[in-house]
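# Coordinate inspection notes
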Amino acid sequence: MPQFSDQLGAPFATGRTSKVYDFGPGAVVKVPGPDVPAAWPAQEARHTDAVRALGAPAPSVLDLVQIDGRDAIVFERVDGPSMWEVLRASPDRASELGSELGRIHLAILGAGVPLGVGGLVDRIALNLEQVTHFDDVERSQSFACLASLPRGAALLHGDLHPGNVLMSTRGPVVIDWFDAAVGHPVADVMRSSLLLRPFDRGAERPHTPGGSVEMLTALHGAYLAAMEPIVGVADTSLATWEAVVAASRLAEGAEVDEQPLLAIWRHRPMPATIG
């Protein structure tokens, strides 16, 4: 595989695990950080191809190349700001963009079942194994809660938030499909809900940097209202999904303040109330 390390300019986008660089006409390259497992870029490329084949609004994968001896993904360049950049520039559009995010999410959840994308339940189980806040009893309780929930068979993005939506001239394009999975749609709604909402303690949220409480409250409320076709028909498992997804997120170590996630988990419905 050819090496292209000397062709990189300055990065124009930086995430928690990777950087994105211009890579010739009409292309960008997503380069993983040194701590990212070597197999992740190829998996993200496969997921992106699989969901795009369903008609989901994903960018085209052009190639896998070697940058500093490690795989990196070449994508088509999607011109346009992220939804988060639009929102930061126009905070008064929070409700409008929350509704738009919900419409995008509904389309993803209804796209069908992709080939070669794994199940969410198994992925959550792996995360629950790694939650350092749990003792053996609490870990067993988390597995019991997960086992009580319906599995479902929808396409889940796994990390949908405004920073992962590019507002191109041809319409919204959703990026970062590494965490795509097949599972229950409520799980994906609860994941996005946890990423969007302003926690009471006021700590900076990693996916909404610089967002005010007022902005995030409006964004989150409009998003949930748009997701009513999914969450409006959920039974008592809704709160249990939220608790399990919050516990799973603890394993990622991405939050500045993890106490709100722990509180959601520890105030979950008791087993007798689980539907």
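The text that follows walks through the structure, step by step, so that each part is easy to find.

Calculation notes
- Residues numbered from 1 in each chain as written.
- Predicted model: local features only at pLDDT ≥ 70, side-chain atom pairs only at ≥ 80, totals over all residues.
- Heavy atoms only, no water.
- Salt bridge = Lys/Arg side-chain N within 4 Å of Asp/Glu carboxyl O.
- Buried < 20%, exposed > 50% of the residue type's maximum accessible area, 1.4 Å probe, protein only.
- Pairing = 2+ DSSP bridges.
- Helix = DSSP H or I, 4+ residues; strand = E, 2+ residues; numbered from the N terminus.
- Contact = heavy atoms within 4.5 Å.
- Axes fitted to C-alpha atoms, helices over the stretch in contact; angles between N-to-C directions.
- Arc of directions from axis to C-beta.
- 1 Å grid on protein atoms, 1.4 Å probe; cavity = no way out; pocket = protein on both sides within 12 Å on 5 of 7 lines; lining within 4 Å.
- Points joined across faces, edges and corners; volume = space filled by probe spheres on them.
- Nonpolar A, V, L, I, M, F, W, Y, C, P; charged D, E, K, R; others polar.
- Core = buried A, V, L, I, M, F, W, Y, C linked by side-chain atoms within 4.5 Å.
- Phe/Tyr/Trp six-rings, centres within 6.5 Å; stacked < 30°, edge-to-face > 60°.
- Lys NZ or Arg CZ within 6 Å of the ring centre and 35° of its normal.
- Left-handed = near helix turned anticlockwise from the far one by under 90°.
- Polar contact = N/O pair within 3.5 Å; in protein donor to acceptor, adjacent residues only side chain to side chain.

### With respect to the pattern of salt bridges
Tallied over the full model, the rule gives 15 salt bridges. As a salt-bridge pair, Asp-79 and Arg-77 come within 2.8 Å of each other at their nearest N and O atoms. The class for Asp-79 is exposed, based on a relative accessible area of 52%. What makes Arg-77 partly exposed here is its relative accessible area of 32%. Note that Arg-93 and Glu-96 form a salt bridge whose closest N and O atoms lie 2.7 Å from each other. Exposure remark for Arg-93: the relative accessible area of 28% places this residue in the partly exposed category. The exposure class assigned to Glu-96 is partly exposed, which follows from its relative accessible area of 43%. Among the charged side chains, a salt-bridge network with shared partners connects Asp-159, Arg-191, Arg-205, Arg-249, Glu-252 and Glu-255.

### Describing the sheet that holds strand S5 (residues 70-76)
Either a parallel or an antiparallel arrangement is found when strands of a sheet pair, and the pairing is made through backbone hydrogen bonds. Pairing is antiparallel in the open sheet, where five strands are placed in the order S1-S2-S3-S5-S4. Looking along the sheet, the strands with just one partner apiece sit at the ends: strand S1 (13-14) and strand S4 (61-67). Strand direction decides the pairing type here: S4 and S5, joined by six bridges, are antiparallel. Paired with Val-61 across the bridge in S5 is Phe-75. On top of the sheet, helix H1 (residues 40-53) reaches strand S3 (27-32), S4 and S5; it is set at about 25° to S5, its chief contact.

### Observations regarding helix H4 (residues 120-129)
Among all positions in H4, only Leu-120, Val-121, Ile-124, Asn-127 and Leu-128 are buried. Along the long axis of H4, the arc covered by the buried residues comes to 120°, so they all point the same way. Where the residues of H4 are buried, they touch helix H5 (136-147), strand S6 (154-156), strand S9 (181-183), helix H6 (185-196) and helix H9 (237-250).

### Details of the layout of surface pockets
The calculated volume of the second largest pocket comes to roughly 190 Å³. For the second largest pocket, the lining is made up of 15 residues, of which Tyr-21, Val-31, Pro-32, Gly-33 and Pro-34 are closest to its centre. Taken together, the elements giving at least two residues each to the lining of the second largest pocket come down to strand S2 (18-22) and S3. Counting residues per element, the lining of the second largest pocket draws most heavily on S2, at three residues. In the lining of the second largest pocket, the residues fall into six nonpolar, five polar and four charged.

### Observations concerning the nonpolar core
Here is a general trend for soluble globular proteins: nonpolar side chains tend to be buried in one another's company. Among the nonpolar cores identified, the biggest contains 59 residues, and Trp-177, Val-189 and Trp-241 are the most heavily contacted of them. Looking at this core element by element, the count peaks at seven residues for H9. When sequence neighbours within four positions are dropped, the list of residues in contact with Trp-177 reads Glu-44, His-47, Thr-48, Val-51, Ala-56, Ala-58, Pro-59, Ile-108, Leu-155 and His-157.

### Re the packing of aromatic side chains
Evaluation of the coordinates by the stated rule reveals two aromatic pairs. Measuring from centroid to centroid gives 4.5 Å for Trp-40 and Phe-178, while their planes differ by 35°, and the two rings are tilted. Of this pair, Trp-40 sits in helix H1 while Phe-178 sits in the loop between strand S8 (171-174) and S9, and the two are 138 residues apart along the sequence. For Phe-178, a relative accessible area of 16% corresponds to the buried category. Between Phe-134 and Trp-265, the ring centres sit 5.5 Å apart and the planes meet at 35°, which makes this aromatic pair tilted. A residue pair is termed long-range when its members are at least 10 positions apart, and Phe-134 in the loop between H4 and H5 and Trp-265 in helix H10 (residues 259-266) qualify at 131 residues. For the cation-ring pair, Arg-268 lies above Trp-265, with the distance from its terminal atom to the ring centre recorded as 3.9 Å.

### Looking at the packing of helix H3 (residues 94-109) against helix H7 (residues 213-226)
At a minimum axis separation of 7 Å, H3 and H7 run at an interaxial angle of 35°. Seen from above, H3 lies across H7 with right-handed handedness. Across from Ala-94, Ser-95, Leu-97, Gly-98, Ser-99, Leu-101, Gly-102, His-105 and Leu-106 in H3, the residues of H7 making contact are Met-215, Ala-218, Leu-219, Ala-222, Tyr-223 and Ala-226. Of the residues belonging to the contact of H3 with H7, the class tally is 10 nonpolar, five polar and no charged.

### Thoughts on the side chain of Ser-168
Looking at where Ser-168 falls in the secondary structure, it is placed in strand S7 (residues 165-168). A polar contact is formed between the side chain of Ser-168 and the backbone oxygen of Gly-171, at a distance of 2.5 Å. Ignoring sequence-local partners within four residues, the contact set of Ser-168 consists of Val-78, Asp-79 and Val-173.

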